[in-house]
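Coordinates in review
Residue strings, one per chain:
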Amino acid sequence: MSKQNLPDIGKTIKSLRAAKNLTLDQLAASSGVSKSMLSQIERNKTNPTVATLWSLTQALNIDIGDLLGAAPKEVEKGGDITITKSHQTPEISSADGLCTLRILGPLNLVSKIEWYELNMEKGATLDSEPHAKGTHEHLTVLRGSVIISTGDEEKMLEAGDTARYSADSHHYIKNNEDWPAQAILIVHTP
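Criteria and cut-off values
- Residues numbered from 1 in each chain as written.
- Predicted model: local features only at pLDDT ≥ 70, side-chain atom pairs only at ≥ 80, totals over all residues.
- Heavy atoms only, no water.
- Helix = DSSP H or I, 4+ residues; strand = E, 2+ residues; numbered from the N terminus.
- Buried < 20%, exposed > 50% of the residue type's maximum accessible area, 1.4 Å probe, protein only.
- Contact = heavy atoms within 4.5 Å.
- Areas by Shrake-Rupley, 256 points an atom, 1.4 Å probe, with all protein chains shown as cover.
- Arc of directions from axis to C-beta.
- Pairing = 2+ DSSP bridges.
- Axes fitted to C-alpha atoms, helices over the stretch in contact; angles between N-to-C directions.
- Salt bridge = Lys/Arg side-chain N within 4 Å of Asp/Glu carboxyl O.

Things to note about the overall build of the protein chain
- A count of helices and strands for the protein chain gives five helices and twelve strands.
- Taken over 190 residues, the protein chain has a buried fraction of 42%.
- Residue pairs in contact within the protein chain that sit at least 24 positions apart in sequence constitute 60% of those at least 6 positions apart.
- Surface summary for the protein chain: the accessible area is close to 9,900 Å², and the carbon and sulfur share equals 49%.

Brief notes about helix 1 (residues 9-19)
- Turning to helix 1, its buried residues are Ile9, Gly10, Ile13 and Arg17. Take helix 1 and look down its axis: the buried residues cluster within an arc of 100°, on one side only. Exposed and facing more than 90 degrees away from the buried side of helix 1 are Lys11 and Ala19.
- Taken from the residues just after helix 1, Asn21 is the one with a positive phi, measuring 55°.

With respect to the sheet that holds strand 7 (residues 136-143)
- The six strands are arranged 3-4-5-12-7-10 in an open sheet whose pairing can be described as antiparallel. Of all the strands in the sheet, just strand 3 (91-93) and strand 10 (162-166) have a single pairing partner and so form its edges. Along the sheet, successive strands turn relative to each other by an average axial angle of 25°, direction set aside.

Notes on the pairing of strand 5 (residues 113-120)
- The element strand 5 is largely enclosed, with a buried count of six among its eight residues.
- Where strand 4 (residues 99-103) meets strand 5, five bridges bridge the pair, whose relative direction is antiparallel. Bridge pairing in strand 5 links Ile103 to Tyr116.
- Here eight bridges tie strand 5 to strand 12 (residues 181-188), and the two strands are oriented antiparallel to one another.

Observations regarding the pattern of salt bridges
- Using the criterion set out here, one finds six salt bridges in the structure.
- Taking the shortest distance from any N to any O, the salt bridge between Glu117 and Arg102 comes out at 3.3 Å. Taken together, the positions of Glu117 in strand 5 and Arg102 in strand 4 put the pair 15 residues apart, joining distant regions of the chain.
- Of the residues examined, Glu117 reaches a relative accessible area of 17% and is grouped as buried.
- For Arg102, a relative accessible area of 13% gives the class buried.
- Residue Lys155 pairs with Glu153 through a salt bridge whose shortest N-O separation is 3.7 Å.
- A relative accessible area of 47% places Lys155 in the partly exposed class.
- Overlapping salt bridges, with partners in common, bring together Glu91, Arg102 and Glu117 in one network.

What to know about helix 2 (residues 24-31)
- By the burial criterion, the buried members of helix 2 are Leu24, Leu27, Ala28 and Ser31. When helix 2 is viewed along its axis, its buried side chains cluster within an angular range of 100° and face the same direction.
- Here the buried face of helix 2 lies against helix 1, helix 3 (35-42) and helix 4 (50-60).
- Of the residues flanking the end of helix 2, it is Gly32, one or two places downstream, whose phi is positive at about 80°.

As structure tokens, this is what we get:
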């Protein structure tokens, strides 16, 4: 999926909510996603996790693939091996388009674990509101370098470094370099 074809998730959720005559409060109550988080998602002010999107799609009674533009397809299956081709891997993007998250994990595990390939252009920031209590992220930088911040702490990571940190408070990943960065991001919710 090219960047030009990335779905506008916030606009889609807002349209679906309106079509079902649901208020922010009603969708928040039925999905378990806070009203403030839902508002930020609809205004493309935050980058929701797949688990959050999953909760919203369940409450709206739609398939997550409809929201993302394309669900991963099992294109090759033989024995116990299922392959999703690179071009069929769904992506979500930050509102400014500078961060792209390729969703690598299977959608049936999103309530416990998610993993992504994170690609960040020069100057990109992936800013995240607190996730569920006890959630941790594990970030391994593959290329370039990034700054990770959670709570009052900020650390620089270079290619090959891994950071493990609490994600149940405001946190962000930032690329301050003059070149792109790439990382693997795993989100674990107890």
